[in-house]
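# Analysis of the macromolecular model
Okay, here's what each chain looks like letter by letter:
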Amino acid sequence: MTESLLSVRGLTVRAGDAALVSGIDLDVAPGGRVGLIGESGSGKSLTSLAVTGLLPGGLRASGSVRLAGVETVGADESTLRPLRGPVAGVVFQEPLTALDPLMRVGRQIAEPVRRHLGLRGSALDDAVSAALAEVRLDEPRFARAFPHELSGGQRQRVAIAIALAARPRLLIADEPTTALDVTVQFEVLDLLDRLVAERGMGLLFVSHDLAVVSRMTDRVLVLQRGVAVEQGDVREILRAPQHAYTRQLVAHARELDAALDGASGGLANGSEGAQ
Ligand SMILES: Nc1ncnc2c1ncn2[C@@H]1O[C@H](COP(=O)(O)OP(=O)(O)OP(=O)(O)O)[C@@H](O)[C@H]1O
């Protein structure tokens, strides 16, 4: 069996005595793609934040999370910092949270490239241009722009370029297209799909949208109120959901699919379903 890039065992997240996430087990192999799905408040974000030790203050993780073999539960910043970037890059729902409003885009991409890859001078400039071209922002004006001068989709492309700058082996994407309008969602999902495939990265993809998850991932874990009620091959789960909650999610996604385009059961092949 391929060694896990990410191995989560019995992950529990508590606020005081209340368990917000309970006993999660999941694995992402190198190059593997796993989706976390569930309705709002089901614990998807807390699960993904716990992986890189980014839980908000007041919340406590227990269990085990091994990222490239390193335990992150209970780890201190000096252990976690080297993992963020080269091992796991993170893209959040709202690109502005990842961007500095006062810094030009080119400099924001240059910073992690310099820090993690050690590039300087013209080699650094070339790497920034290449990073922007990779997310299809190759006009020179983009490097000089401030975040507020870009559209939401362009900002998310910049956030992706920053997350990928350190060449992570795992990309954690938490609702990366939810804040974007539908056409732009497609472009950004296509981009993520292509970059993850080209670089052979593992992907942990968080979404409340089953069609989007089925398009982006191979395996899925279904969360309800912080508990994994089902997990397995995404197409198998779409074809024959076992748990009542998953059946409900699949039924809702199919209704939406039908209402949007009246089309031919596109969920299983993802791209039609995501419309
Ligand atoms: N800092 C916190 N303190 C206390 N409870 C929290 C905190 N952050 C989140 N929660 C609670 O934990 C539960 C899981 O939250 P989480 O953000 O993981 O949900 P989610 O599935 O990602 O939802 P959404 O799709 O709306 O982002 C929710 O009930 C939420 O209210």
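Up top is the structure these notes are about.
Summary of the structure given here.

Conventions used here
- Residues numbered from 1 in each chain as written.
- Predicted model: local features only at pLDDT ≥ 70, side-chain atom pairs only at ≥ 80, totals over all residues.
- Heavy atoms only, no water.
- Core = buried A, V, L, I, M, F, W, Y, C linked by side-chain atoms within 4.5 Å.
- Buried < 20%, exposed > 50% of the residue type's maximum accessible area, 1.4 Å probe, protein only.
- Contact = heavy atoms within 4.5 Å.
- Axes fitted to C-alpha atoms, helices over the stretch in contact; angles between N-to-C directions.
- Helix = DSSP H or I, 4+ residues; strand = E, 2+ residues; numbered from the N terminus.
- Parallel < 35°, antiparallel > 145°, perpendicular 65-115°, else oblique.
- Left-handed = near helix turned anticlockwise from the far one by under 90°.
- Pairing = 2+ DSSP bridges.

### Brief notes about the nonpolar core
Among the nonpolar cores identified, the biggest contains 49 residues, and Ile109, Val158, Ile160, Leu171 and Phe205 are the most heavily contacted of them. Setting aside its immediate chain neighbours within four residues, leucine 171 contacts Gly89, Val91, Ala163, Leu164, Leu192, Val196, Met201, Gly202, Leu203 and Leu204. Counting 28 residues, the second largest nonpolar core, distinct from the first, contains Val21, Leu36, Leu83 and Ala88.

### Let's talk about the packing of helix α4 (residues 105-117) against helix α7 (residues 152-164)
Interhelical geometry of α4 versus α7 gives an angle of 20 degrees and a closest axis separation of 8 Å. On the basis of the axis angle, α4 is roughly parallel to α7. Viewed along their axes, α4 and α7 form a crossing whose handedness is right-handed. Counted together, Val105, Gln108, Ile109 and Pro112 of α4 and Val158, Ala161 and Ile162 of α7 form the full contact between these two elements.

### Notes on the sheet that holds strand β6 (residues 88-91)
Ordered by their spatial adjacency, 6 strands build an open sheet running β6-β7-β8-β3-β9-β10, and the pairing between neighbours is mixed. In the strand order of this sheet, the two ends are held by β6 and β10 (227-233), each with one partner. Averaged over neighbouring strand pairs, the angle between their axes works out to 15 degrees when direction is ignored. Across 4 bridges, β6 lies against strand β7 (residues 170-174) in parallel orientation. Residue pairing in the sheet places glycine 89 in a bridge with leucine 171 of β7. This element, helix α1 (residues 44-51), spans β3 (33-37), β7, β8 (202-207) and β9 (219-224) of the sheet and lies at about 150 degrees to β8. Contacting β6 and β7, α7 crosses the sheet at an angle of about 170 degrees to β6.

### Looking at α1
Most of α1 sits out of view: 7 of its 8 residues are buried. Among the residues making up α1, those that are buried are Lys44, Leu46, Thr47, Ser48, Leu49, Ala50 and Val51. The first or second residue beyond α1 is glycine 53, which carries a positive phi of 70 degrees.

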